[in-house]
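Here is how the chains run, residue by residue.
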Amino acid sequence: PDTPYVAGRRLGEYFVGSLMGTPGTPDMVAEAIWQAISADDPELRHLVGDDAVRLAGRRREITDEEWINRHSDPDDDRHRAWMSDMSGVQVNALPS
């Protein structure tokens, strides 16, 4: 990685990939917002879209240490492949 902002760039790559696939619809997002603001006992996270559900499920399968180590991997291609596998979203490098 040639920038001190590797995590931000990688997050951007993931979000661009998620929008290129089949992202959650505006109605799904609106429903999640409604659930969040109207709940008597609000939850911390409201998953919207298949990629979010898959990623959250896969996240529970690994330890915190593995999650941190995977995101700290200096090899961008290996990180993209891992995130693609974890989320079901095709993660590619952003154009320069």
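Reading guide: rules and limits
Starting afresh in each chain, residues are numbered from 1 along the sequence in its written order. Thresholds applied to this predicted model are a pLDDT of at least 70 for local features of residues and 80 or more for the giving and counting of side-chain atom pairs; totals over whole chains, interfaces and linings are not thresholded and use all residues. Hydrogen atoms and water are omitted, and side-chain values are computed over all heavy atoms in the structure. Strands are runs of DSSP state E lasting at least two residues, helices are runs of H or I lasting at least four, and both sets are numbered from the N terminus onward. Here's how the labels work: a residue is buried when its accessible area is under 20% of the maximum for its type, exposed when over 50%, partly exposed in between, all with a 1.4 Å probe on protein chains only. In this analysis, two residues are considered to be in contact whenever any of their non-hydrogen atoms come within 4.5 Å of each other. For accessible areas, the Shrake-Rupley method is used with a probe of radius 1.4 Å. Any residue's cover is judged against the shown protein chains and nothing else. Think of a salt bridge as a Lys or Arg side-chain nitrogen and an Asp or Glu carboxyl oxygen that are within 4 Å of each other. Any residue with an atom within 4 Å of a point lines the site, the site being either a cavity, points on a 1 Å grid over the protein atoms alone where a 1.4 Å probe fits but cannot get out, or a pocket, an open set with protein on both sides within 12 Å along at least 5 of 7 lines. Grid points are joined across faces, edges and corners, and a volume is the space filled by probe spheres set on the points. Three classes are used, and their members are as follows: Ala, Val, Leu, Ile, Met, Phe, Trp, Tyr, Cys and Pro are nonpolar, Asp, Glu, Lys and Arg are charged, and the others, Gly among them, are polar. Working definition of a nonpolar core: buried Ala, Val, Leu, Ile, Met, Phe, Trp, Tyr and Cys residues. They are joined through side-chain atoms within 4.5 Å. The definition of a polar contact used here is a pair of N or O atoms within 3.5 Å, where within protein one atom must be able to donate a hydrogen and the other to accept one, and adjacent residues in sequence count solely through side-chain atom pairs.

**Observations regarding the overall build of the protein**
What the protein contains, in helices and strands, is 5 helices and 0 strands. Written out in order from the N terminus, the α and β elements of the protein read α-α-α-α-α. Per-residue burial for the protein yields a buried fraction of 25% across its 96 residues. Long-range contacts, defined as pairs at least 24 residues apart, comprise 59% of the intrachain contacts of the protein with a sequence gap of at least 6. Counting only carbon and sulfur atoms, one obtains 57% of the accessible surface of the protein, whose full area is about 7000 Å².

**Here we look at the pattern of salt bridges**
Throughout the structure, instances matching the rule amount to 10 salt bridges. Glu-13 is the salt-bridge partner of Arg-80, the closest N and O atoms lying 3.0 Å from each other. With Arg-80 in helix H5 (residues 76-87) and Glu-13 in helix H1 (residues 6-20), this residue pair connects regions lying 67 residues apart in the sequence. Residues joined by salt bridges that share partners form a network here, namely Arg-9, Arg-10, Glu-13, Asp-76, Asp-77 and Arg-80.

**Considering the layout of surface pockets**
A volume near 690 Å³ is recorded for the largest pocket. Tyr-14, Phe-15, Asp-51, Ala-52 and Leu-55 are, among the 26 residues lining the largest pocket, the residues nearest its centre. For the lining of the largest pocket, the elements supplying multiple residues, two or more each, are H1, helix H3 (50-59), helix H4 (64-71) and H5. The element contributing the most residues to the lining of the largest pocket is H1, with 8 residues. Looking at the lining of the largest pocket residue by residue, the class counts come to 15 nonpolar, 5 polar and 6 charged.

**What about the nonpolar core?**
Tyr-14, Leu-55, Ile-62, Trp-82, Met-83, Met-86, Val-89 and Val-91 together form the largest nonpolar core, which totals 8 residues. Top contributing element to this core by residue count: H5, with 3 residues. Setting aside its immediate chain neighbours within four residues, Met-83 contacts Tyr-14, Leu-55, His-71, Gly-88, Val-89 and Val-91.

**What about the environment of Thr-63?**
With respect to the secondary-structure elements, Thr-63 resides in the loop between H3 and H4. Residue Thr-63 is classed as partly exposed on the basis of its relative accessible area, which comes to 43%. Here Glu-66 takes part through its backbone nitrogen, which lies 3.0 Å from a polar atom of the side chain of Thr-63.

**Remarks on the side chain of Asp-76**
In this fold, Asp-76 is placed in helix H5. For Asp-76, the side chain forms a polar contact with the side chain of Arg-9, separated by 3.1 Å.

The values reported here are purely geometric and, on their own, carry no functional implication.
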